[in-house]
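Secondary and tertiary structure notes
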Amino acid sequence: MALSLRPNCEYCDKDLPPDSTDARICAYECTFCADCVDNHLSNVCPNCGGGFVPRPIRPANEWRPGVSVRLQPPSDKRVNLSYSKEEVAEFAAKLRDTPPERR
């Protein structure tokens with residue numbers, strides 16, 4: 001199963017196309033832009049409490065049979081936070097000093 005490659009930042013709704021080097025994901029594929037991860041979320045996923053890594057870029061070319069962004073297109077379903085920005089800030093403040101591997 002391939003990553004869904006969600007099309008937007010869940011915090012600010014910035015477009016994050018499949019080839020974006022600005023996209024960050026957690027272990028549950030919650031998707032945010034680098035600016036929000038660094039400046040609003042303190043590297044704390046507001047949905048699960050985990051940390052973030054850069055989202056991989058799916059190959060545009062079919063280097064192996066059946067494997068490419070054209071054959072496995074990204075999601076077009078936009079996802080937004082179900083928490084207020086105040087709740088997110090409080091949650092991030094609670095966990096930001098705990099390394100992701102210890103959360």
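These lines cover the structure that appears in this document, whether it is placed above or below. Computed from a predicted structure; not experimentally measured. (Residues numbered from 1 in each chain as written. Predicted model: local features only at pLDDT ≥ 70, side-chain atom pairs only at ≥ 80, totals over all residues. Heavy atoms only, no water.)

1. Description of the packing of aromatic side chains
- In the structure shown here, the tally under the stated rule is one aromatic pair.
- Ring plane angle 75° and centroid distance 5.4 Å describe the contact between phenylalanine 32 and phenylalanine 52, whose orientation is recorded as edge-to-face. Placement of the pair is phenylalanine 32 in strand S2 (residues 31-33) and phenylalanine 52 in the loop between helix H1 (34-39) and strand S3 (53-54), with a sequence separation of 20 residues. The residues phenylalanine 32 and phenylalanine 52 share a single accessibility class, namely buried.
- Across from the ring centre of tyrosine 11, 4.6 Å away, lies the NZ or CZ of lysine 85, which sits over that ring. (Phe/Tyr/Trp six-rings, centres within 6.5 Å; stacked < 30°, edge-to-face > 60°. Helix = DSSP H or I, 4+ residues; strand = E, 2+ residues; numbered from the N terminus. Buried < 20%, exposed > 50% of the residue type's maximum accessible area, 1.4 Å probe, protein only. Lys NZ or Arg CZ within 6 Å of the ring centre and 35° of its normal.)

2. Thoughts on the sheet that holds S3
- Pairing within the open sheet is antiparallel, and its three strands lie in the order S2-S1-S3. Each edge of the open sheet is held by one strand with a lone partner, namely S2 and S3.
- Relative to S2, strand S1 (residues 23-25) runs antiparallel, the two sharing three bridges. When the bridges of S2 are listed, arginine 24 appears paired with phenylalanine 32. (Pairing = 2+ DSSP bridges.)

3. What to know about the nonpolar core
- Membership of the largest hydrophobic core comes to 15 residues, with the highest contact counts inside it found for Cys9, Tyr11, Phe32, Leu41, Cys45 and Phe52.
- Of all the secondary structure elements, the ones that give two or more residues to this core are S2 and H1.
- Ignoring sequence-local partners within four residues, the contact set of cysteine 9 consists of Lys14, Leu16, Thr31, Phe32, Cys33, Cys36, Val79 and Asn80. (Core = buried A, V, L, I, M, F, W, Y, C linked by side-chain atoms within 4.5 Å. Contact = heavy atoms within 4.5 Å.)

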